[in-house]
Amino acid sequence: MTFMNNDANIKQFQLIKFINENSSDDHVISKITIVLRRDKIEAPYYMISKIRLSSCIDRPDNGLIHAMDILNHARRHNLTEDTYNEIKSLIVDNDYESEQVKISKDDTQLKMDLMSRNDDEFKNIFENYQELFNKIDNLID
């Protein structure tokens, strides 16, 4: 019995958007990390994307009552130089700045962390990085 088809392509960013839009919980926390690397000999242009969604119910006077991981997903890609440069450009050239988006880089790595704590922050991140998310989702068709 086969559970997974080798041709399956989960559109990871479309999936988290769907989960967020269809969740009845108002407090879904998302953390997205995208790491571009170019230091490996066997895969000179490499990307890792990690997505984590959690749901929390908390009360200001009683603290955290309940926390649950909804999704913890990672995907790794070997990239061509052109695709690497396109994704890098979509990260670096985006002029959207907020406390939810952190970018760090050194000689071999570019890292982007995006974190939202509510629906409005999540929607803003998706609106501002839609092109980047689509590019990554469409790497495997």
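Placed above this text is the structure.
Attention in this report is confined to the structure presented alongside it. From a predicted model like this one, the values you see are computed outputs, not experimental measurements. (Residues numbered from 1 in each chain as written. Predicted model: local features only at pLDDT ≥ 70, side-chain atom pairs only at ≥ 80, totals over all residues. Heavy atoms only, no water.)

## Topic: the packing of aromatic side chains
Note the cut-off: Aromatic rings from Phe, Tyr and Trp, with only the six-membered ring used for Trp, were paired whenever their centres fell within 6.5 Å, and each pair was classed as stacked if the ring planes differed by under 30 degrees, edge-to-face if by over 60, and tilted otherwise. Secondary structure elements follow DSSP: runs of H or I of four or more residues count as helices, runs of E of two or more count as strands, with numbering from the N terminus. For each residue, the accessible area found with a 1.4 Å probe, counting protein chains only, is set against the maximum for its type, and the residue is called buried under 20%, exposed over 50%, and partly exposed in between.
Applying the stated rule across the entire model yields five aromatic pairs. Seen from their ring centres, tyrosine 45 and tyrosine 84 are 5.1 Å apart, and the 55 degrees between their planes marks the pair as tilted. In this pair, tyrosine 45 sits in the loop between strand E1 (28-37) and strand E2 (46-59) while tyrosine 84 sits in helix H2 (residues 81-92), placing the two residues 39 residues apart along the sequence. Judged by relative accessible area, which is 22%, tyrosine 45 ranks as partly exposed. On the basis of relative accessibility, which here comes to 4%, the residue tyrosine 84 falls in the buried class. Residues phenylalanine 122 and phenylalanine 126 carry aromatic rings whose centres are separated by 4.9 Å and whose planes lie at 35 degrees to one another, so their mutual orientation is tilted. One end of the pair is phenylalanine 122 and the other is phenylalanine 126, both in helix H3 (residues 119-128) and four residues apart, which spans about a single turn. Judged by relative accessible area, which is 4%, phenylalanine 126 ranks as buried. Each residue in the set Phe13, Phe122, Phe126, Tyr129 and Phe133 is aromatic and connected to the rest through ring pairs, giving one cluster.

## Thoughts on the packing of helix H1 (residues 12-21) against H3
Heads up, the rule is: Here the axes come from fitting lines to C-alpha atoms, over the contacting stretch only for helices, and the angles between their N-to-C directions go from 0 to 180 degrees. In what follows, roughly perpendicular refers to angles from 65 to 115 degrees, roughly parallel to angles under 35, roughly antiparallel to angles over 145, and oblique to any angle outside these ranges. Take the far helix as your reference; a near helix turned counterclockwise from it by less than a right angle gives a left-handed crossing, and one turned clockwise gives a right-handed crossing. Throughout, a residue-residue contact means that at least one pair of heavy atoms, one from each residue, lies within 4.5 Å. Ten residues, namely Ala, Val, Leu, Ile, Met, Phe, Trp, Tyr, Cys and Pro, are considered nonpolar, four, namely Asp, Glu, Lys and Arg, are considered charged, and the remaining ones, Gly among them, are considered polar.
The interhelical angle for the contact between H1 and H3, taken along N-to-C directions, is 150 degrees, at an axis separation of 11 Å. By the angle class used here, H1 and H3 are roughly antiparallel. H3 is crossed by H1, and the crossing has left-handed handedness. Between H1, through Phe13, Ile16, Lys17 and Asn20, and H3, the contact on the second element is made entirely by Asp119, Phe122 and Phe126. When the residues that make up the contact of H1 with H3 are grouped by side-chain class, the tally is four nonpolar, one polar and two charged.

## A look at the side chain of aspartate 113
Note the cut-off: Think of a polar contact as two N or O atoms within 3.5 Å of one another; within protein, one of them needs to be a possible hydrogen donor and the other a possible acceptor, and neighboring residues in sequence only count if both atoms come from side chains.
Within the fold, aspartate 113 resides in strand E5 (residues 109-116). Among the polar contacts listed, one links the side chain of aspartate 113 to the side chain of threonine 33, at a separation of 2.7 Å. Among residues more than four places away in sequence, those in contact with aspartate 113 are Lys31, Ile32, Thr33, Gln100, Val101 and Lys102.

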